[in-house]
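Structural features, examined
Here is how the chains run, residue by residue.
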Amino acid sequence: MRKILLLFFIPLFLFAVDNKKLLDCYEIFEQKRAELEAEAEKILEQKEALEALKNTYMALIKKKEEKLKQKEAEINATLKKIEEEKKQIKKLVEEYKKLLEEIKKAKLDKVTQSYAKMRPKNAAQILQNMPEEDALKILQKLPPKIIAKIFSKMDANIAAKLSDALLKVKEINESSANP
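Residues numbered from 1 in each chain as written. Predicted model: local features only at pLDDT ≥ 70, side-chain atom pairs only at ≥ 80, totals over all residues. Heavy atoms only, no water.

**Observations concerning the overall build of the chain**
Along the chain, the regular secondary structure elements total five helices and zero strands. The order of α-helices and β-strands along the chain, N terminus first, is α-α-α-α-α. Relative to its 179 residues, the chain shows a buried fraction of 10%. Partitioning the intrachain contacts of the chain with sequence separation of at least 6 by distance along the chain shows that 62% fall at a separation of at least 24. As displayed, the chain has an accessible area near 15,900 Å², and 61% of this comes from carbon and sulfur atoms. (Helix = DSSP H or I, 4+ residues; strand = E, 2+ residues; numbered from the N terminus. Buried < 20%, exposed > 50% of the residue type's maximum accessible area, 1.4 Å probe, protein only. Contact = heavy atoms within 4.5 Å. Areas by Shrake-Rupley, 256 points an atom, 1.4 Å probe, with all protein chains shown as cover.)

Have a look at this one:
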């Protein structure tokens, strides 16, 4: 009977030992599952936080892009305004240049009229003492008869030099008028 009892208790003992191991496995499994669930929860929270951070950054980037576009539009408007003002200034400069040329021409005409009314001796003395370029401008406007009278009262070398310069200017003017 002992043997029977032993045979009966041994599997029961083994079953109890296996049952204990089985219970330990379940506990370990439950522990691991709880750890994994906690880890998954953590990951999910981090994912949500990352998503929120991403949305915040995207909103911030969008805001910055809008500000950048606004600044770009302001700069373009300013550049356009500057270009318009630049065109107006160029137009004014051209108008003032024309006006200045007209004033210079009128002044030269008045000076030329004065030389035409002067005595040839006085005109010759003044013209031979001024820069050649200025003397040529005045002489070009005078009639040939008056120029001849002024040259006759002038130093021969200076008169020859001015005559030569007058001829060159006349040739240049004729060649530019007849291309």
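**Focus on the pattern of salt bridges**
A side chain of one charge can pair with a side chain of the opposite charge when the charged atoms of the two come close. In the structure shown here, the tally under the stated rule is nine salt bridges. Among the ionic pairs, Lys141 bridges to Asp109, the shortest N-O distance being 3.4 Å. Residue Lys141 is found in helix H3 (residues 132–141), and its partner Asp109 is found in helix H1 (residues 2–117); the two are separated by 32 residues along the sequence. Take Lys141: its relative accessible area is 37%, and that puts it in the partly exposed class. Overall, Asp109 belongs to the partly exposed group, its relative accessible area being 27%. Where Asp164 meets Lys168, a salt bridge forms, and the shortest distance between an N and an O atom there is 3.6 Å. A residue pair is termed a helical-turn pair when its members lie 3 or 4 positions apart in one helix, as Asp164 and Lys168 do in helix H5 (residues 156–177) at four residues. On the accessibility criterion, Asp164 (39% relative accessible area) is partly exposed. What you see here is one network of salt bridges that share partners, running through Glu30, Arg33 and Glu37. (Salt bridge = Lys/Arg side-chain N within 4 Å of Asp/Glu carboxyl O.)

**Overview of H3**
Every buried residue of H3 is listed here: Ala135, Leu136, Ile138 and Leu139. The buried residues of H3 occupy one face: seen down the axis, they fall within an arc of 165°. (Arc of directions from axis to C-beta.)

**Digging into the layout of surface pockets**
Estimates place the volume of the largest pocket at around 330 Å³. Looking at the largest pocket, the residues that line it are Lys104, Lys105, Lys107, Leu108, Val111, Asp134, Lys137, Ile138, Gln140 and Lys141. Elements with a minimum of two residues in the lining of the largest pocket: H1 and H3. The residue makeup of the lining of the largest pocket, split by class, is three nonpolar, one polar and six charged. (1 Å grid on protein atoms, 1.4 Å probe; cavity = no way out; pocket = protein on both sides within 12 Å on 5 of 7 lines; lining within 4 Å. Points joined across faces, edges and corners; volume = space filled by probe spheres on them. Nonpolar A, V, L, I, M, F, W, Y, C, P; charged D, E, K, R; others polar.)

**Considerations on the nonpolar core**
Counting residues in hydrophobic clusters, the biggest one holds 17 residues, and the most contacted among them are Leu127, Leu139, Leu142, Ile150, Phe151, Met154 and Leu162. Put simply, the parts of the chain that give this core at least two residues each are helix H2 (120–129), H3, helix H4 (144–152) and H5. Excluding its chain neighbours within four sequence positions, the residues that come into contact with Ile150 are Pro120, Ala123, Ala124, Leu127 and Leu142. (Core = buried A, V, L, I, M, F, W, Y, C linked by side-chain atoms within 4.5 Å.)

**Comments concerning the side chain of Thr112**
One can find Thr112 in helix H1. The class for Thr112 is buried, based on a relative accessible area of 6%. With sequence-adjacent residues up to four places away left out, Thr112 is seen in contact with Ile138, Lys141 and Leu142.

**Topic: H2**
Turning to H2, its buried residues are Ala123, Ala124 and Leu127. The arc that holds every buried residue of H2, seen down its axis, measures 100°, which confines them to one face. Of the residues in H2, the exposed ones pointing more than 90 degrees away from the buried face are Lys121 and Asn129.

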